[in-house]
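Single-letter residue listing:
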Amino acid sequence: IGLAALGCWALGDGELIAAISFFAARPNAVLLLAARNGTFYFAVRYYTAVVKDAGGVAAVTVGIVRKILTVICSLLLFSKPWANIYGVGGLLFAAALAQESRNARTREKLQHS
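The text that follows walks through the structure, step by step, so that each part is easy to find.

1. Notes on the overall build of the protein chain
Helix and strand counts for the protein chain stand at 5 helices and 0 strands. In the protein chain, the order of α-helices and β-strands from amino to carboxyl end is α-α-α-α-α. Radius of gyration (C-alpha) of the protein chain: 22 Å, far over the 13 Å computed for a compact globule of 113 residues. The dimensions of the protein chain, computed from C-alpha atoms along their principal axes, are 65 × 45 × 20 Å. Relative to its 113 residues, the protein chain shows a buried fraction of 7%. Accessible surface computed for the protein chain: about 9500 Å², of which carbon and sulfur atoms make up 71%. Charge centroids of the protein chain, computed over 11 positive and 5 negative side chains, lie 8 Å from each other.

2. A word on a nonpolar patch on the surface
Taken together, the side chains of Tyr 47, Val 51, Val 60, Ile 64, Val 65, Ile 68, Leu 69, Ile 72, Leu 76, Leu 77 and Phe 78 present a nonpolar region at the surface, about 990 Å² in accessible area. Contributing elements (two or more residues each) for the nonpolar patch: helix H3 (27-54) and helix H4 (56-77). The greatest single-element share of the nonpolar patch, amounting to 8 residues, is contributed by H4. Within the secondary structure, Val 51 is located in helix H3.

Quick notes on the rules
- Residues numbered from 1 in each chain as written.
- Predicted model: local features only at pLDDT ≥ 70, side-chain atom pairs only at ≥ 80, totals over all residues.
- Heavy atoms only, no water.
- Helix = DSSP H or I, 4+ residues; strand = E, 2+ residues; numbered from the N terminus.
- Rg over C-alpha atoms; globule rule 2.2 N^0.38 Å.
- Buried < 20%, exposed > 50% of the residue type's maximum accessible area, 1.4 Å probe, protein only.
- Areas by Shrake-Rupley, 256 points an atom, 1.4 Å probe, with all protein chains shown as cover.
- Lys, Arg positive; Asp, Glu negative; His and termini not counted.
- Charge placed at Lys NZ, Arg CZ, Asp CG, Glu CD.
- Patch = residues over 30% accessible without salt bridge, like charges linked within 9 Å, V, L, I, M, F, W, Y side chains within 5 Å.
- Salt bridge = Lys/Arg side-chain N within 4 Å of Asp/Glu carboxyl O.

Rendered as structure tokens:
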């Protein structure tokens, strides 16, 4: 029902016709969209598995690490100036990980006592 409603909306809005024209003129765009959707599907499956197995904090941590790695790769691959705030952010993230690790050990000790 949702897909039909979205399709009707896009048709009435004119976006559906524009999208069909865009993709018809650029076959590579269809491949890029399919690749993006495929990677998104596997990312959601992985994230859900992490939430199920390790909890929300671990899943958010994985997401943050992914973002940090994206920024690092961007800095390495493209010439961008270094900003000290990147280092500050890295230190704050490391401190948050250390605090969460300490909290987990404290919870574990309390459960076993």
